[in-house]
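Residue strings, one per chain:
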Amino acid sequence: MNITHLEHAIIALIFQALLWPFVGRWMAGSLIVAVFLGREIAQHEYAGGGANQVGYFYGLFNHWSLDSFLDFTAPALACACVASIMPGSWLWKYIKARRQK
């Protein structure tokens, strides 16, 4: 893991917070993770010669490494954790119910 994974997670959390009031916490996280996934797929297409030189699914199946995998899973995990622990989530309600017993 390198610093770019942390940077991507922080950027994703910032955009999740900005989009949260408009689309909800889960959709906001999903949107920004989709952007990071699309970015990684585009980088893999360029590594194969560019979008015009490779097949439709080339970037999805080729040139993946642990680094590129973590470039979109780090933001996904960060957004999922934040969405899970915020007020109104199932985890929040479960913890609140356990404390009231």
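Please refer to the structure placed before this passage.
Caption draft 1: A look at the packing of aromatic side chains. Scanning all chains against the criterion turns up four aromatic pairs. An angle of 75° between the planes, with centres 5.9 Å apart, marks the rings of W64 and F72 as edge-to-face. Arranged with centres 5.6 Å apart and planes meeting at 80°, the rings of F69 and F72 form a pair that is edge-to-face. Separated by three residues within a single helix, F69 and F72 lie in helix α4 (residues 66-85), roughly one turn from each other. Residue class for F69 comes out partly exposed when judged on its relative accessible area of 42%.

Caption draft 2: Expanded view of the pattern of salt bridges. Per the counting criterion, the structure on display carries one salt bridge. E40 is the salt-bridge partner of R39, the closest N and O atoms lying 3.1 Å from each other. On the accessibility criterion, E40 (1% relative accessible area) is buried.

Caption draft 3: Focus on unusual backbone geometry. In this structure, H63 is a non-glycine residue whose phi angle is positive, near 70°. Along the chain, the position of H63 falls in the loop between α3 (58-61) and α4.

Caption draft 4: Structural view of the environment of Y56. With respect to the helices and strands, the residue Y56 is situated in the loop between α2 (25-47) and α3. With eleven residues separating them in the primary sequence, Y56 and E45 have C-alpha atoms 9.1 Å apart.

Caption draft 5: Quick peek at the environment of G48. The residue G48 is located in the loop between α2 and α3 in this model. Distance from G48 to G38, taken between C-alpha atoms, is 15 Å for residues ten residues apart in sequence. Filtering out sequence-adjacent residues up to four positions away, G48 remains in contact with V54, Y58 and H63.

Caption draft 6: Just the packing of α2 against α4, in detail. Running from N to C, α2 and α4 cross one another at 180°; their axes reach a closest spacing of 9 Å. Between α2 and α4, the angle is such that the two are roughly antiparallel. Contact residues: R25, W26, G29, I32, V33, F36, L37, E40 and H44 in α2; S68, D71, F72, P75, A76, C79, A80, A83 and S84 in α4. Taken together, the residues that form the contact of α2 with α4 break down as eleven nonpolar, four polar and three charged.

So, how was this worked out
Residues numbered from 1 in each chain as written. Predicted model: local features only at pLDDT ≥ 70, side-chain atom pairs only at ≥ 80, totals over all residues. Heavy atoms only, no water. Phe/Tyr/Trp six-rings, centres within 6.5 Å; stacked < 30°, edge-to-face > 60°. Helix = DSSP H or I, 4+ residues; strand = E, 2+ residues; numbered from the N terminus. Buried < 20%, exposed > 50% of the residue type's maximum accessible area, 1.4 Å probe, protein only. Salt bridge = Lys/Arg side-chain N within 4 Å of Asp/Glu carboxyl O. Contact = heavy atoms within 4.5 Å. Axes fitted to C-alpha atoms, helices over the stretch in contact; angles between N-to-C directions. Parallel < 35°, antiparallel > 145°, perpendicular 65-115°, else oblique. Nonpolar A, V, L, I, M, F, W, Y, C, P; charged D, E, K, R; others polar.

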